[in-house]
Amino acid sequence: MTAPIRIILVGLGARAQFWMRVINASPDCTIVGLVDPVQAARDRALAQCPGAIAAADPQDVIGRIAADAVLICTPPGGREMLMELCCVSRLAILAEKPLADSVEQAERYVLMAEAAGVPLMVGLNFRYLAVTQHTLKLFETEVGSPAYGRFTYERWRDGTLARLNKYPLTMQQPMLWEQSIHHLDLMRYVYRAEPVEIFAKTFNPPWSMYAHEANVSALITFDNGVIVNYQGTWAANWQTPHFEWRTDCAEGIVSQADQFGDLRYAKRADEALTRIDLPPYEQWIDDAIALLAAFVAGLRGERPLECTGRDHLKSLRMVQACILSSQTGQAVNPSHLETGAEQKAGRVRPSDNQNRGTQ
Ligand SMILES: NC(=O)c1ccc[n+]([C@@H]2O[C@H](COP(=O)([O-])OP(=O)(O)OC[C@H]3O[C@@H](n4cnc5c(N)ncnc54)[C@H](O)[C@@H]3O)[C@@H](O)[C@H]2O)c1
């Protein structure tokens, strides 16, 4: 029997509630430490993980108690000390997306973790949804290679709701950093390709409750020729959300009508779409269970670590390219934004792209 992985959970806000449920139900992991400066957050978490040690300051727990990994659920800005503590203490890291609030900072974390030999995975849970995995299968078995796509995510996100985090209300580019990062990452993952050109416009509609841009429109070209028309917003002016990700392929189309499911396909001559029977799922839970299983398998050497920090930099470069393109009015090639260290690492290391069939 393999001993459970002992996890210190840092940041006990909205996202951590899901993680506590998932980890507490997992025979492979156990929560041994809880960290948050807010007493009420610690009390709430301790009620769910009574055996854990809780502290306001990460320095009182990380490196001080026996543990194997740290799950970072704090806002993306201000993780410097946490990342350093994990690396110095040689604890594996599972960090919620985005890894940082700038690509430069994220790259520093990736280099630091690599130098310390610390595994670093980023929580890109949408890759692990059954709908995402079945989309990959449809390309292989029914409709052929993707040629172009339309990705639409329209949501009136009331950022004042008690169950939601509050920092996106005031941060720069909240849609891109907090939400579109999932979508851009999914495109790279599903199309098995890297972006070579992004033309984007970000803006904020007059009724937006966000201080900065809640809308992103982008035209994205990938190195395998796939072109995607992307529209994402947290400030749609209807409370009923709308999601559609349609990909036109060599022999038909794939259409996903819900961000957690509802997958259909049609061949060119079909009169109607064929619905794919997806396994039952609970959103935010089953995707986190699968993500955690991948983290555990990576730490135990059973399969290569997925969603690595280094791979994440390529999705973050897409965010950066959208911002730059919007500022300059020019198309941007995200790979031109890579630093020398990133380009060198990209040449000598297999990217996560090559492991994509394994999930
Ligand atoms: N993968 C997903 O689907 C998903 C969904 C929601 C949020 N997230 C991500 O999870 C992270 C956290 O988001 P959230 O919604 O839980 O935010 P939140 O604001 O609800 O919670 C953050 C918590 O971190 C605590 N905190 C801040 N700095 C800290 C520090 N240095 N040490 C310890 N605790 C600290 C805060 O007190 C707060 O309790 C973000 O990166 C966000 O993007 C991911």
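Here is what the cut-offs are and how they apply
- Every chain's residues receive numbers from 1 upward, in the order its sequence appears when written.
- Side-chain atom pairs in this predicted model are given and counted only at pLDDT of 80 or more, local residue features only at pLDDT of at least 70, and totals for whole chains, interfaces and linings cover all residues.
- Side-chain numbers here rest on the full set of heavy atoms in the structure, without hydrogens or water.
- Residues are labelled near a given molecule or strand when at least one of their non-hydrogen atoms is within 4 Å of it.
- As used in this structure description, the phrase polar contact means that two N or O atoms lie within 3.5 Å; if the pair is within protein, one of them must be able to donate a hydrogen and the other to accept it, and residues adjacent in sequence are counted only when both atoms belong to side chains.
- Only runs of H or I of at least four residues qualify as helices and only runs of E of at least two qualify as strands under DSSP, and these elements are numbered from the N terminus.
- The nonpolar class holds Ala, Val, Leu, Ile, Met, Phe, Trp, Tyr, Cys and Pro. Asp, Glu, Lys and Arg form the charged class, and all remaining residues, Gly among them, are polar.
- For every domain, the bounds stem from an assignment made automatically or drawn from a database.
- Put simply, a salt bridge is a Lys or Arg side-chain nitrogen that is within 4 Å of an Asp or Glu carboxyl oxygen.
- Only protein chains enter the accessibility calculation, which uses a 1.4 Å probe; a residue whose area is less than 20% of its type maximum is buried, one above 50% is exposed, and one in between is partly exposed.
- Only heavy atoms enter the contact rule, under which two residues are in contact if any of them lie within 4.5 Å.
- Two parts placed together each lose some accessible area; with a 1.4 Å probe, that loss summed over both constitutes the buried area.

Re the site of the ligand
Here's step 1: In the neighbourhood of the ligand, 25 residues make up the surrounding shell, with Asp36, Lys97, Asn125, Asn165 and Glu178 lying closest.
Here's step 2: In the model, a nitrogen atom of the ligand is placed 2.8 Å from a nitrogen or oxygen of the Asn125 side chain.
Here's step 3: At 3.4 Å, a side-chain N or O of Tyr167 approaches an oxygen atom of the ligand.
Here's step 4: Elements supplying a minimum of two residues to the shell around the ligand: helix H1 (14-24) and helix H6 (174-191).
Here's step 5: Partitioning the shell around the ligand into residue classes produces 12 nonpolar, 7 polar and 6 charged.
Here's step 6: If you count residues domain by domain, the shell around the ligand takes at least three from each of domain 1 (5-125 + 287-308) and domain 2 (127-278).

Overview of the pattern of salt bridges
Here's step 1: Taken as a whole and assessed by the stated rule, the structure comprises 20 salt bridges.
Here's step 2: The closest approach of N and O atoms between Lys267 and Glu142, which form a salt bridge, is 3.6 Å. Here the residue Lys267 occupies a position in strand E13 (residues 261-267), and Glu142 occupies one in helix H5 (residues 130-143), the gap between them amounting to 125 residues.
Here's step 3: A relative accessible area of 24% places Glu142 in the partly exposed class.
Here's step 4: In this structure, Arg188 and Asp185 form a salt bridge, with 3.7 Å as the shortest nitrogen-oxygen distance. Taken as a pair, Arg188 and Asp185 lie in helix H6 at a separation of 3 residues, close to a single helical turn. Each member of the pair, Arg188 as well as Asp185, is classed as buried.
Here's step 5: Salt bridges here are not isolated pairs; linked through shared partners, they connect Arg127, Asp185, Arg188, Glu194 and Asp311.

Thoughts on the domain arrangement of the protein
Here's step 1: Along its sequence, the protein is carved into domain 1 (5-125 + 287-308) and domain 2 (127-278).
Here's step 2: One C-alpha centre belongs to domain 1, the other to domain 2, and the line joining them spans 27 Å.
Here's step 3: At the interface, 20 residues of domain 1 touch 12 residues of domain 2.
Here's step 4: For the pairing of domain 1 and domain 2, the buried interface totals around 1,200 Å² over both sides, and the portion due to carbon and sulfur atoms is 66%.
Here's step 5: Where Lys97 meets Glu178, a salt bridge forms, and the shortest distance between an N and an O atom there is 3.7 Å.
Here's step 6: Taken together, the links from domain 1 to domain 2 amount to 5 residue pairs in polar contact (both at pLDDT 80 or more).
Here's step 7: Of all the secondary-structure elements, those providing two or more residues to the side of domain 1 that touches domain 2 are strand E6 (120-123) and helix H7 (286-299).
Here's step 8: The element best represented in the side of domain 1 that touches domain 2 is H7, accounting for 4 residues.
Here's step 9: Taken together, the residues of the side of domain 1 that touches domain 2 sort by class into 12 nonpolar, 3 polar and 5 charged.

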